[in-house]
Every structure is written in structure tokens, then in C-alpha cells.
Amino acid sequence: MKHIFKKGTDPKAPTLLLLHGTGGNEHDLLSIASMIDEEASVLSVRGNVLENGMPRFFKRLAMGVLDQEDLAFRTKELHEFLDQAATDYGFDRNQVVAVGYSNGANIAANLVMTEANSLSGAILYHPMIPNPDATIPELSGLPVFIGAGVNDQMVPYTESEGLKAMLSEHGAEVEMHVEPYGHQLTGSEVDASKSWYLRHFKQHS
């Protein structure tokens, strides 16, 4: 998978896995990663699927209708890529926190829901329920941040709420930050995710 890896200065910090939205690329969320933790290593990945020339992480059949077969295949592909990247770059595979927006948040959520111990945490900006029929593994204590907009036209707020409920049912510790805006990622949303991240992953410093 096309990607960027930047080694961080804090060896105790997790590696931030950056997953862009539809039409984005591996450069999109680098500034967000710097805001969250400028000392962490960063692995930013470009989706392997094109939709009308726009990179995505998996196919969809229509707006809001995901291609479940492709989603399953691409999620496994990403999971295996993480295993290989950890070997190639020498980061701790057990300390990876996903930072995903929209389409990227959806594949990160599906990673959590289908691949046991794939992530040590996740920041999901404007996610939906990627796979309503997933057999979710035990997520005891897994920290997850969800950012949502009450007026989000792309992802109904109830979808993000539903995802929170599904993950919580299986033991994840989900914090949800809600704003009165739409699908765009706001500065205050990033600030809230940074505060959440510092509480969960930077207590050692």
C-alpha cells in the first residue's frame, strides 16, 4: 500500500496510523497527527481503491451502501500491511492508534470490529457502522474516540451513536464528542481528540 512513514522522537508513544477520507491521500492527515502528538511515529496510508479517480479504502455500491465483500478483503489487506510495516520500520505492532476520517474512520472501525488486537486505540472522525453483522471480538478496555456532527449530511449522527453502542457492548471504552456542524473536521474536534489521546497514551511523560 502506498504510504509515508515518519519515525517519531518518543519511543514510548504509539505509532499513529493515518487513514484519509474519500478523495484524500497519505498527506491529508499529517498536520492532524502533528497536532495530536508531534513526538509519535506516523504511518499514513493511501487507500487502494479508486472511485471516479478518488482514492478510497474500499468500494461502495452507493452513497452510504458499503460493498461488504470488498470491505472484508481490504480490511484484511490493511491488517496484513500493518504487520509487515511493523517489521519493515521497527515499530511496536501492539502500539498502533488509528486516526481516521470518514472513509478512513470506517475501515479503522471495521479493523477493530473484525481483527482482534489489531489496534491499541482509535480516533474515528465521522464514522458510520461499517458492518452491522460483524462478529466483534472482545474489546475489553480498548480506548476509542468518536467525533460526530449533529448536522452531518454524509453520515447521520445516529450512525456514529450506533457504532459507539456496538463497540461499548463488547467492552471498548468509547468517548463521543459531538458538535453542531456537518461532515467537516473542525479544530475543536481535533482538540478534543488530542485531550483524549493524551489521557490514554501519554501518561508516562
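Residues numbered from 1 in each chain as written. Predicted model: local features only at pLDDT ≥ 70, side-chain atom pairs only at ≥ 80, totals over all residues. Heavy atoms only, no water.

The name given to the chain in an unreviewed UniProt entry is Carboxylesterase, with the source organism recorded as Chryseomicrobium excrementi. According to the UniProt record, the Sequence similarities (unreviewed entry) comment for the chain reads "Belongs to the AB hydrolase superfamily. AB hydrolase 2 family." (UniProt positions renumbered as here; feature names shortened; annotations may be inferred.)

A. Geometry of the UniProt feature "domain: Phospholipase/carboxylesterase/thioesterase" (unreviewed entry) in the chain. The feature "domain: Phospholipase/carboxylesterase/thioesterase" (unreviewed entry), as annotated in UniProt, sits at residues 7–192 in this numbering. End-to-end, the C-alpha atoms of residues 7–192 are 24 Å apart, and along that stretch the chain is 32% helix and 24% strand. (Helix = DSSP H or I, 4+ residues; strand = E, 2+ residues; numbered from the N terminus.)

B. Expanded view of the packing of helix H3 (residues 103–114) against helix H4 (residues 157–169). Following both chains from N to C, one finds H3 and H4 inclined at 25°, their axes separated by 11 Å at the closest point. Judged on the interaxial angle alone, H4 and H3 are roughly parallel. For the pair H3 and H4, the sense of crossing is left-handed. Facing Ala109, Val112 and Met113 of H3, the residues of H4 in contact are Leu163, Met166 and Leu167. (Axes fitted to C-alpha atoms, helices over the stretch in contact; angles between N-to-C directions. Parallel < 35°, antiparallel > 145°, perpendicular 65-115°, else oblique. Left-handed = near helix turned anticlockwise from the far one by under 90°. Contact = heavy atoms within 4.5 Å.)

C. Geometry of the pattern of salt bridges. Evaluated as defined, the whole model comprises eleven salt bridges. Across the salt bridge formed by Arg74 and Asp70, the nearest N and O atoms sit 3.4 Å from each other. Here Arg74 pairs with Asp70, and both are found in helix H2 (residues 68–89), just four residues apart, close to one helical turn. Here Arg74 falls in the buried class, since its relative accessible area comes to 15%. For Asp70, a relative accessible area of 8% puts it in the buried group. In this structure, the salt-bridge partner of Arg199 is Glu175, at a minimum N-O distance of 2.5 Å. Of this pair, Arg199 sits in helix H5 (residues 187–201) while Glu175 sits in strand S11 (residues 173–179); the two residues are 24 residues apart in sequence, bridging distant segments of the chain. Residue Arg199 is classed as partly exposed on the basis of its relative accessible area of 42%. Through salt bridges with shared partners, a single network forms among Asp10, Asp37, Glu39 and Lys202. (Salt bridge = Lys/Arg side-chain N within 4 Å of Asp/Glu carboxyl O. Buried < 20%, exposed > 50% of the residue type's maximum accessible area, 1.4 Å probe, protein only.)

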